[in-house]
Amino acid sequence: MRYFELGAGHPILFLHGGGVEARTYAWMLELLARRYRVIAPDLPGFGGSTIPKTVWGLHEYATFLARFL
């Protein structure tokens, strides 16, 4: 899984929208990183992260993110 980590301070988990990857929001991540530690994963199946072997729904993504954190 690919993720980006920028800045320092209180952590923020930044989740991108469907059909894109985290770096689509690079300008926003850099802005947030001025005050916070930003953690921005490419969710499975997007960007630089691998594609799941099965179709994922909200439950699978929530479980994945809970383990990631």
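Please refer to the structure placed before this passage.
To keep things clear, this report deals only with the structure shown in the data block. (Residues numbered from 1 in each chain as written. Predicted model: local features only at pLDDT ≥ 70, side-chain atom pairs only at ≥ 80, totals over all residues. Heavy atoms only, no water.)

## Notes on the nonpolar core
Line of reasoning, step 1. Listed in full, the six residues of the largest apolar core are Phe14, Ala22, Leu29, Ala33, Val38 and Ala40.
Line of reasoning, step 2. Sequence-distant contacts of Val38, defined by excluding residues within four places in its chain, comprise Phe4, Glu5, Leu6, Ile12, Phe14, Leu29, Leu32 and Ala33. (Core = buried A, V, L, I, M, F, W, Y, C linked by side-chain atoms within 4.5 Å. Buried < 20%, exposed > 50% of the residue type's maximum accessible area, 1.4 Å probe, protein only. Contact = heavy atoms within 4.5 Å.)

## Some thoughts on the sheet that holds strand β1 (residues 3-6)
Line of reasoning, step 1. On the basis of which strands lie adjacent, the open sheet formed by three strands has the order β1-β3-β2 and mixed pairing. At either end of the open sheet lies a strand with only one pairing partner, and these are β1 and β2 (11-13). Taking each pair of neighbouring strands and ignoring which way they run, the sheet shows an average axis angle of 15 degrees.
Line of reasoning, step 2. Sheet topology note: the β1/strand β3 (residues 37-41) ladder contains four bridges and is antiparallel. If you follow Phe4 over to β3, its bridge partner there is Ala40. (Pairing = 2+ DSSP bridges. Helix = DSSP H or I, 4+ residues; strand = E, 2+ residues; numbered from the N terminus. Axes fitted to C-alpha atoms, helices over the stretch in contact; angles between N-to-C directions.)

## Quick word on the packing of aromatic side chains
Line of reasoning, step 1. The full count for this structure, using the stated rule, is five aromatic pairs.
Line of reasoning, step 2. For the pair Trp56 and Tyr61, a centre-to-centre distance of 5.0 Å together with 75 degrees between the ring planes defines the contact as edge-to-face.
Line of reasoning, step 3. Ring centres 6.5 Å apart and planes at 10 degrees place the aromatic pair Phe64 and Phe68 in the stacked group. Linking Phe64 with Phe68, this pair stays in helix α2 (residues 58-68), spanning four residues, or about one helical turn.
Line of reasoning, step 4. Members of the aromatic cluster, each reached through a chain of ring pairs, are Tyr3, Trp56, Tyr61, Phe64 and Phe68. (Phe/Tyr/Trp six-rings, centres within 6.5 Å; stacked < 30°, edge-to-face > 60°.)

## Things to note about the side chain of Glu21
Line of reasoning, step 1. Mapped onto the elements, Glu21 comes out in the loop between β2 and α1 (26-32).
Line of reasoning, step 2. Overall, the relative accessible area of 18% leaves Glu21 in the buried class.
Line of reasoning, step 3. A polar side-chain atom of Glu21 sits 2.5 Å from a polar atom in the side chain of Arg2.
Line of reasoning, step 4. Every residue in contact with Glu21, bar those within four places of it in the chain, is listed here: Arg2, His16, Asp42, Gly47 and Gly48. (Polar contact = N/O pair within 3.5 Å; in protein donor to acceptor, adjacent residues only side chain to side chain.)

## Focus on the environment of Met28
Line of reasoning, step 1. Relative to the helices and strands, Met28 resides in helix α1.
Line of reasoning, step 2. In this structure, the C-alpha to C-alpha distance between Met28 and Phe14, residues 14 residues apart in sequence, is 9.8 Å.

## Brief notes about the pairing of β3
Line of reasoning, step 1. Along β3, four of the five residues are buried, which leaves the element largely enclosed by surrounding structure.
Line of reasoning, step 2. In the sheet, β2 pairs with β3 via three bridges, with the strands oriented parallel. Across the sheet, residue Leu13 finds its bridge partner in β3, namely Ile39.
Line of reasoning, step 3. Between the parallel elements β2 and β3, the chain passes through α1 in a crossover that is right-handed. (Right-handed = clockwise from strand over helix to strand, strands pointing away.)

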